[in-house]
Amino acid sequence: MGAVPILAATPWPADPEQDRLLRRTWTAKWISAPGAPPNDYGVSHFRRTLDLATRPERFVVNVSADNRYQLFVNGKRAAWGPARGDLFHWRYETVDVARYLVAGKNVLAALVWNFGELAPEAQISNQTGFLLQGDTEAERAADTGTNWKSLRSLAYSPIEFTSAQMHGYFVAGPGDRVNGSEHPWGWEAGDFDDSHWPAAAAVSVAAGREASDPHTRWMLVPRTIPAMEERPERLQNVRRASGVPQPEGFPARPEPLHIPAGTHAVLLLDQTYLTTAFPELTVSGGKDAVVRLRYAEALFQPASPGSRALEKGNRDQVEGKTFIGNYDEFLADGGRGRTFRPLWWRTYRYLELDIETKQEPLTVEDLHATYVGFPFPRRA
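Keep in mind it's a predicted model, so treat the numbers as computed, not measured.

A. Representation of the pairing of strand E3 (residues 60-66). Along E3, 7 of the 7 residues are buried, which leaves the element largely enclosed by surrounding structure. Sheet topology places E3 next to strand E6 (residues 90-96); 4 bridges connect them, and they run antiparallel. Residue pairing for E6: Val 61 is matched across the bridge by Val 95. Across 6 bridges, E3 lies against strand E8 (residues 129-134) in antiparallel orientation. Opposite Asp 66, over in E8, you have Gly 129 as the bridge partner.

B. Region of the structure containing the nonpolar core. Ranked by size, the top nonpolar core spans 47 residues in total, and within it Leu 269, Leu 293, Leu 351, Leu 353, Leu 362 and Leu 367 carry the most contacts. Elements represented by at least two residues in this core include exactly strand E7 (104-114), strand E16 (257-259), strand E17 (264-285), strand E18 (290-296), strand E21 (346-356) and strand E22 (362-373). The greatest single-element share of this core, amounting to 7 residues, is contributed by E17. Counting residues in hydrophobic clusters, the runner-up holds 26 residues, among them Val 73, Ala 79, Tyr 100 and Trp 148.

C. Inspection of the side chain of Asp 66 at higher detail. Inspection of the secondary structure puts Asp 66 in strand E3. An unpaired buried charge is present at Asp 66: no salt bridge exists, and Arg 217, the closest side chain of opposite charge, is 8.5 Å distant. Separated by 2.8 Å, the side chains of Asp 66 and Ser 125 make a polar contact. Not counting chain neighbours up to four residues away, the residues in contact with Asp 66 comprise Trp 30, Trp 90, Val 112, Trp 113, Ile 124, Ser 125, Asn 126, Gln 127, Thr 128, Gly 129 and Trp 218.

What counts, and where the lines are drawn
Residues numbered from 1 in each chain as written. Predicted model: local features only at pLDDT ≥ 70, side-chain atom pairs only at ≥ 80, totals over all residues. Heavy atoms only, no water. Buried < 20%, exposed > 50% of the residue type's maximum accessible area, 1.4 Å probe, protein only. Helix = DSSP H or I, 4+ residues; strand = E, 2+ residues; numbered from the N terminus. Pairing = 2+ DSSP bridges. Core = buried A, V, L, I, M, F, W, Y, C linked by side-chain atoms within 4.5 Å. Lys, Arg positive; Asp, Glu negative; His and termini not counted. Salt bridge = Lys/Arg side-chain N within 4 Å of Asp/Glu carboxyl O. Polar contact = N/O pair within 3.5 Å; in protein donor to acceptor, adjacent residues only side chain to side chain. Contact = heavy atoms within 4.5 Å.

What follows is the structure in structure tokens.
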């Protein structure tokens with residue numbers, strides 16, 4: 001999808017509505033999943049059903065989270081953030097989601113996570129929380145509170161990766177291990193049954209930075225940078241393969257890749273340039289298969305005699321070199337069309353796809369990515 005339109009992308013308080021939010025306690029509340037530890041690693045799902053008589057021309061919401069969130073409207077990813085700040089300047093995004101709405105039943109859904117003690121070095125946190133407020137009375141039914149439903153995820157667990165493992169400085173946060181058997185597939189869509197989900201727990205009031213004596217540590221200010229640029233991206237070729245024959249079209253084209261049962265296949269994929277992107281892997285079948293995605297800027301050549309240092313050498317060369325990099329892991333549940341996407345973007349030129357199947361074959365339906373980065377238009 002293209003860049004999400006951010007309305008509050010100018011220094012505050014330039015807009016009268018933003019000035020109002022800065023100086024008052026909000027009607028929405030910060031919420032969390034019941035029983036979720038406030039400061040530990042954790043991932044939670046949130047849902048709110050709205051019935052609209054007609055499709056609105058405008059439906060603006062102000063949204064934030066600690067640490068991070070992704071907002072979906074009727075199954076479509078509509079925004080993600082927040083822009084990084086500190087507790088004295090906690091950012092929120094202002095987004096018009098009207099284009100995703102329909103007359104009748106609509107669902108706002110959010111994926112929220114806290115990396116806990118494994119958070120990236122630059123990540124500041126108070127405690128896990130999610131916040132969404134409708135901009136005017138017309139959108140007030142969207143406000144977060146106990147009218148939202150929530151579910152603490154049992155599918156996610158962190159993969160710690162250290163500087164020692166990287167053989168260099170590493171402070172980018174953990175990888176994601178997702179157990180497909182525990183994931184509530186389709187949770188963000190309108191037809192998902194959330195009747196068994198508990199009500200969200202209210203964490204605290206929400207207030208703008210200039211509000212008078214608010215009882216909250218998150219001092220909210222609007223986002224001051226534009227939304228990140230997003231564009232589709234595909235890995236270009238397979239540099240080496242073991243366990244399966246060398247694919248012909250994959251991954252440059254969306255062609256299925258079949259991995260037989262009882263197979264350990266490893267494919268080294270080359271983007272041909274360094275990128276920052278969300279990889280998206282879709283698989284079918286292969287119950288209990290372990291799929292690992294590893295990321296690297298280059299491969300390492302063996303250490304020189306008498307030296308303990310590893311060197312990358314020519315980045316284009318892979319022969320005789322070792323792959324060292326952080327990774328994500330997906331445990332297949334055997335269902336069809338299961339898509340894994342990490343919580344946070346990854347940096348890589350090379351992506352190693354490591355698949356170990358058990359009793360069932362697995363089909364990689366597709367592997368592509370969404371590039372993200374600050375939008376720098378070339379003017380000259």
